[in-house]
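What the coordinates show
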Amino acid sequence: MSKSINIIKSTAVPVNIENVDTDQIIPARFLKATTREGFGENLFRDWRYNSDGQPKKDFILNNPTYHGKILVAAKNFGCGSSREHAAWAIKDFGFDVVVSSFFADIFKNNALNNFLLPVTVGDDFLQKIFSAVEKNPETEIEVSLEKQTISIPETGEQDRFDINNYKKTCLLNGYDDIDYLLSIKNEIEKFETSTN
Amino acid sequence: MAKTLFEKIWDTHVVKTIDGGPAVLYIDKHFIHEVTSPQAFAGLKKRGISVFRPKQIVATADHNVPTIHQELPIKEELSRLQVDTLKKNCAEFGIELYGLGHPFQGIVHVIGPELGITQPGMTIVCGDSHTSTHGAFGSIAFGIGTSEVEMVMATQCLLQTKPKLMRINVEGKLNNGVVSKDIILYIIAQISAAGATGFAVEFAGSAIRALSMEARMTICNMSIEMGARCGMIAPDETTFHYLKGRLFAPQGINFDEKIAYWSTLYSDEAAKFDKEININAADIEPMITYGTNPGMGIGVSGHVPELSEINEKEKPSFEKSLLYMGLQPGTNIKGKKVDYVFIGSCTNSRIEDLRMVASFVKGKKKADNVEVWVVPGSKQVEKQAIEEGINKIFEEAGFNLRQPGCSACLGMNEDKIPAGKYCISTSNRNFEGRQGPNARTMLASPLTAAAAAITGEVTDVRELI
């Protein structure tokens, strides 16, 4: 897993479907591994492959015209199960950013914990990205975590996104939440004593 | 200052707040299972650290265990490896495991409450989104990912941003044949599968107060299906009565002292919510879903919406859903033939659910075209069902009573619904492929599921009781 992110400039893959739940991102029957690697193979498994394992030609991930490090998704992406395997699968497939107008809470946290940047944009801007990428699959999208901006350089259009300062610093520097929590263990112990 | 139930619990669990960032939230209880824990244990080992508070963690095997012949080794190799890995990890790190064969084994959200581990005022997490179930006791309980499981193992804390607060008031008396599952399916249909994203939701009102603990758990269980961070209900006499005498609940004088504290856990009159929704219990009829997210629910006497009733932007996903479900817009849902009935899952597999089904089917036989699986939520539920003779009623009705586990709710074990088949399910998710590739799920209450098992089609249970 590549740690620390800042500027990502890449073409994008649009999955313009609302309410994509984590069972679609990675079906439960593929959650049986005991490691974090290899889930990309089964990303969007049942939309991507027929039951005989043959790729479904009409699904966008099977269309070589679309490629890149940015997954562009529709509203309420990542709802349902808390399985972190969904974030692992997207990251393992090669995406560094997921853009949507609305993310489910648990998915968003899981993504952040895996240095997969969830970028929430306005509905209108999301539509602009979809149109631009669908019109020209080679359209590049640029995301700057430092500036908290996402833009379509070709058209000059830009939107800002929110992220709290703590998490931003973590992502820019490659820190885990767990590193931070371990560093304040004595404060946690004090808290335990004070509440018991 | 007036506080909500959520704030009262949250405020007493904040270790510190990071400037411009989240709070460090202390976690009282952590449940783990075989599917979302192995990578967390591996993470600890990689860092060379141990579990910080092993006594605050309870483990069980539920997601991919078989529901027949649990006494034999698990046939499926990868499932067996996950269950064995959990066993090894729990032994190595000193964590209590109620694994296969243990009298307390069962679905994690069924065993926590029935053992009295889940208590009011606690913060509770588990690597499973239906952890919201435990909120029925007046606790802050939510699902987390595996990295967070590792954080809680390592430090008993999580970094959390305080959610917005919503209260849903359900007032009045429920109609005959309408149960708690119908209330929550109705609410989700009203506010959509994303209607509570970013919120902690408190369920209140006379219709909620009138519910048993197990019925309350069904409601909180499905809070996540409208996107809520957690669902909760203020503890009251019903809660205290349920907890009294349970194995891990406080005993004797300690219990009385706890009640004094638990009784302070309610939203103050002047407390402010970011959003309030009022529901009239009398408006709710037995519910069923027709689509591929839990917000796509209708009253059983209703019809699949016409295309003209759907707003323009949602038409593509609506049409995609109906195509998957093999349903036409505008068709009546009642009378639709079903192939499978699944009674189980962390939503509806408790003893009251089984009793409700048994009292309805007693002396009746299942329809020939249906296969019926009843999967109890835990070994204790199974034992009690046998003691009460519920197993006999099911046997005579032609129902297949299996052993505890998550089973066909998510089809991680062998219990899958075949492609194209319709299943009325008491579980919580009707997502594409949830119960097996191309399986078609219709979510409903145990009563509505039982009625369909007898008639072989979607049935208005009110006509039969």
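The model shown is predicted, which means the values in this text are computed figures rather than measured ones.

Reading the values: the criteria
Along each chain, the written sequence defines residue order, and numbers are assigned to residues from 1. Note on labels: chains are lettered from A, ligands numbered from 1, in written order. Where local features are concerned, this predicted model is filtered to residues with pLDDT of at least 70; where side-chain atom pairs are given and counted, the filter is 80 or more; whole-chain, interface and lining totals use all residues. Computation of side-chain values: all heavy atoms of the structure, hydrogens and water removed. Here, strands pair whenever DSSP counts at least two bridges between them. Runs of E in the DSSP output that reach at least two residues are strands. Runs of H or I that reach at least four are helices, and both are numbered from the N terminus. Using a 1.4 Å probe on the protein chains alone, a residue whose accessible area is under 20% of its type maximum counts as buried, one over 50% counts as exposed, and one in between counts as partly exposed. Contact criterion: two residues are considered in contact whenever any of their non-hydrogen atoms come within 4.5 Å of each other. By convention in these notes, a salt bridge is any Lys or Arg side-chain nitrogen within 4 Å of a carboxyl oxygen on Asp or Glu. On a scale of 0 to 100, pLDDT captures the predictor's confidence in every residue.

What to know about the sheet that holds strand 18 (residues 422–425) of chain B
Residues and elements named next belong to chain B. The parallel open sheet is built from five strands, whose spatial order is 17-16-15-18-19. Here the strands that pair on one side only, and so sit at the sheet edges, are strand 17 (400–401) and strand 19 (440–443). Sheet analysis places strand 15 (residues 340–343) next to strand 16 (residues 371–374), joined by four bridges and oriented parallel. The partner of Val 341 across the bridge, within strand 16, is Val 372.

A few points about the environment of Gly 389 of chain B
Turning to its location among the elements, Gly 389 of chain B is positioned in the loop between helix 13 (379–387) and helix 14 (390–397). Taking the C-alpha atoms as reference, Gly 389 of chain B lies 10.0 Å from Arg 355 of chain B; in sequence the two are 34 residues apart.

Focus: helix 3 (residues 85–93) of chain A
Most of helix 3 of chain A is tucked away, with seven of its nine residues classed as buried. Three or more residues of helix 3 of chain A are buried, namely His 85, Ala 86, Ala 87, Trp 88, Ala 89, Ile 90 and Lys 91 of chain A. On its buried face, helix 3 of chain A is in contact with helix 1 (22–25), strand 2 (70–73), strand 3 (97–100) and helix 4 (105–112) of chain A together with helix 2 (38–47) and helix 5 (146–155) of chain B. Of the residues flanking the end of helix 3 of chain A, it is Gly 94 of chain A, one or two places downstream, whose phi is positive at about 125°.

A closer look at the pattern of salt bridges
Going through the model one piece at a time under the given rule, you end up with 35 salt bridges over all chains. Here Lys 3 of chain B and Asp 11 of chain B are joined by a salt bridge, their closest N and O atoms 2.8 Å apart. We classify Lys 3 of chain B as partly exposed; its relative accessible area is 27%. For Asp 11 of chain B, a relative accessible area of 35% corresponds to the partly exposed category. With a shortest N-O distance of 2.9 Å, Asp 460 of chain B and Arg 462 of chain B are connected by a salt bridge. Accessibility expressed as a relative area gives 30% for Arg 462 of chain B, which makes it partly exposed. Among the charged side chains, a network of salt bridges with common partners joins Lys 3, Arg 36, Glu 84, Asp 176 and Asp 179 of chain A together with Arg 47 and Glu 150 of chain B.

Thoughts on the confidence of the model for chain B
Per-chain confidence: chain B averages 97 in pLDDT, with 100% of residues scoring 70 or above. Predicted complex, confidence summary: ipTM 0.96, pTM 0.97.

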